[in-house]
Amino acid sequence: MATAHPALATKAPRSAPAIFQQTDLLSIQDLSPYEVHEIFALTKTIKAKPSAFGTALKGKQYVMMFEKPSLRTRITFEAGINTLGGHALFMECPGGIESREKAADVARNLERWVQGIILRTFKHSTVTEMAANAGVPVINALTDREHPCQALADFFTLQEKFGDLPKLKVAFAGDGNNVAHSLMLTAANLGSHFSLAVPKGYEPAKDIAQAAKEIAAHTGAVIEIGNDPQAAVAGADAVYTDVWASMGQESEAGKRDTIFRPFQVNAALMSLAAPHAVFMHCLPAHRGSEVTDEVLDSPRSVVYDEAENRLHVQNAIMVLLAGARKGVKSASAIRAGRA
Ligand code: CP
Ligand code: NVA
């Protein structure tokens, strides 16, 4: 549980000591505030001079297995790995990573060949099972439950724009889904005010909301979950939305279009936010649905800054994880130990 982390006992300093303890990046719930700040500090350094990190992943092979489509995540990971001197192997898995063998068995093969595994899956358990069985770092590149790289890039973007994250109010109008989950947990870690407005029946997972509130009790964050987009957006520094039907929910798109319509981020909703408020979206956007062209293309929109920062944040994550020693024993090692 995130609350067990000792760093939660105090507010995170802006320049954290080097204490990154993670061996995978699966969920924001696993990170302490210190670790989030450490990711941001390294992101800033790498973004300022990527060439200084040109050999950071030298000789390392990364496999990327994706069950769902991607533009931003695929290209930013591949470009980032290349820039840092590593090599990326992309494997599209539309039938599912586990269509031929169990995730644990896939992991026991992969760890013999590559130094890192990047996964985009439907089930979150596919990612956690791979991580538990691979002796090399596993990175969550989106599951139905979380999108941690996205949320970290988004709050890094907010830090660039506003500086002081604990004073920020971030409003999210839309689905209480993977992106909202990771944003809520990141806001909790950083002491921000996160106000989520969802249609009834589309609330975030109870355990994630509970975890975010527990973290918030230590960091001073405010986590609000309701059904009123106008109330959520009132006075916000940032207004965020995501698609109404996520990948895998395409058959519900018609029904969701009606249910989510009152949560559309348009000029009228944006007018309730602070005058300096920015508009955010993980992309891809469905123009005319969750956001209007007028808002998406306005000077307030920082969506391409978020997309750019995916690259820099992920580079920092890969560098921090590159030296991770997991101590996971593969099946053959376990058998050898018994012999
Ligand atoms: N935001 C995001 O993850 O985009 P892709 O689905 O294109 O990777
Ligand atoms: N919630 C969206 C995010 C896409 C980046 C989805 O899962 O499809």
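Computed from a predicted structure; not experimentally measured.

Conventions used here
- Residues numbered from 1 in each chain as written.
- Chains lettered and ligands numbered in written order.
- Predicted model: local features only at pLDDT ≥ 70, side-chain atom pairs only at ≥ 80, totals over all residues.
- Heavy atoms only, no water.
- Near = heavy atom within 4 Å.
- Polar contact = N/O pair within 3.5 Å; in protein donor to acceptor, adjacent residues only side chain to side chain.
- Areas by Shrake-Rupley, 256 points an atom, 1.4 Å probe, with all protein chains shown as cover.
- Nonpolar A, V, L, I, M, F, W, Y, C, P; charged D, E, K, R; others polar.
- Pairing = 2+ DSSP bridges.
- Helix = DSSP H or I, 4+ residues; strand = E, 2+ residues; numbered from the N terminus.
- Axes fitted to C-alpha atoms, helices over the stretch in contact; angles between N-to-C directions.
- Contact = heavy atoms within 4.5 Å.
- Buried < 20%, exposed > 50% of the residue type's maximum accessible area, 1.4 Å probe, protein only.
- Expected span 1.5 Å × (residues − 1).

**Points about the site of ligand 1**
Here is step 1: Surveying the vicinity of ligand 1 reveals the residues S70, L71, R72, T73, R120, H147, Q150, C282, L283 and R310.
Here is step 2: Between ligand 1 and C282, the relevant distance is 2.9 Å, taken from a nitrogen atom to a main-chain nitrogen or oxygen of the residue.
Here is step 3: A distance of 2.8 Å is found between a nitrogen atom of ligand 1 and a backbone nitrogen or oxygen belonging to L283.
Here is step 4: Expressed as a share of its isolated accessible area of 260 Å², the protein-covered part of ligand 1 is 95%.
Here is step 5: For the shell around ligand 1, the per-class residue count stands at three nonpolar, four polar and three charged.

**Remarks on the sheet that holds strand β6 (residues 193-197)**
Here is step 1: Strands sit in the order β7-β6-β5-β8-β9 across an open sheet of five strands; the sheet is parallel. Strand pairing shows two members of the sheet lacking a second neighbour, β7 (222-226) and β9 (278-281), which therefore form its edges. Going from strand to strand, the sheet's axes swing by 20° on average, the running direction of each strand aside.
Here is step 2: Alignment of strand β8 (residues 238-241) against β9, held across four bridges, turns out to be parallel. Paired with A238 across the two strands is V278, which belongs to β9.
Here is step 3: Running over the sheet, helix α5 (residues 148-162) touches β5 (169-173), β8 and β9 and is turned about 165° from β9.

**Focus on unusual backbone geometry**
Here is step 1: With omega at 5°, the peptide bond leading from L283 into P284 counts as cis.
Here is step 2: As for its position among the elements, P284 is in the loop between β9 and α11 (293-296).
Here is step 3: The residue L142 is not glycine, and still its phi comes out positive at about 115°.
Here is step 4: With respect to the secondary-structure elements, L142 resides in the loop between β4 (138-140) and α5.
Here is step 5: By the secondary structure assignment, L283 is in the loop between β9 and α11.
Here is step 6: Judged by relative accessible area, L283 falls into the buried class, the value being 12%.

**Quick word on the site of ligand 2**
Here is step 1: Taken together, L142, H147, N177, N178, V179, D242, V243, S246, M247 and L283 are the residues near ligand 2.
Here is step 2: Within the contact set of ligand 2, an oxygen atom lies 2.8 Å away from a side-chain nitrogen or oxygen of N178.
Here is step 3: Considered on its own, ligand 2 offers 270 Å² of accessible surface; in the complex 95% of this is hidden by protein.
Here is step 4: Among the residues making up the shell around ligand 2, the classes are represented as five nonpolar, four polar and one charged.

**Some remarks on α5**
Here is step 1: Spanning 15 residues, α5 covers 21 Å between terminal C-alpha atoms, matching the ideal 21 Å at 1.5 Å per step.
Here is step 2: Where burial is concerned, most of α5 is hidden: twelve out of the 15 residues are buried.
Here is step 3: Those residues of α5 not exposed but buried are P148, C149, Q150, A151, L152, A153, D154, F155, F156, T157, L158 and Q159.
Here is step 4: Looking at the residues trailing α5, positive phi occurs at G163, about 80°.

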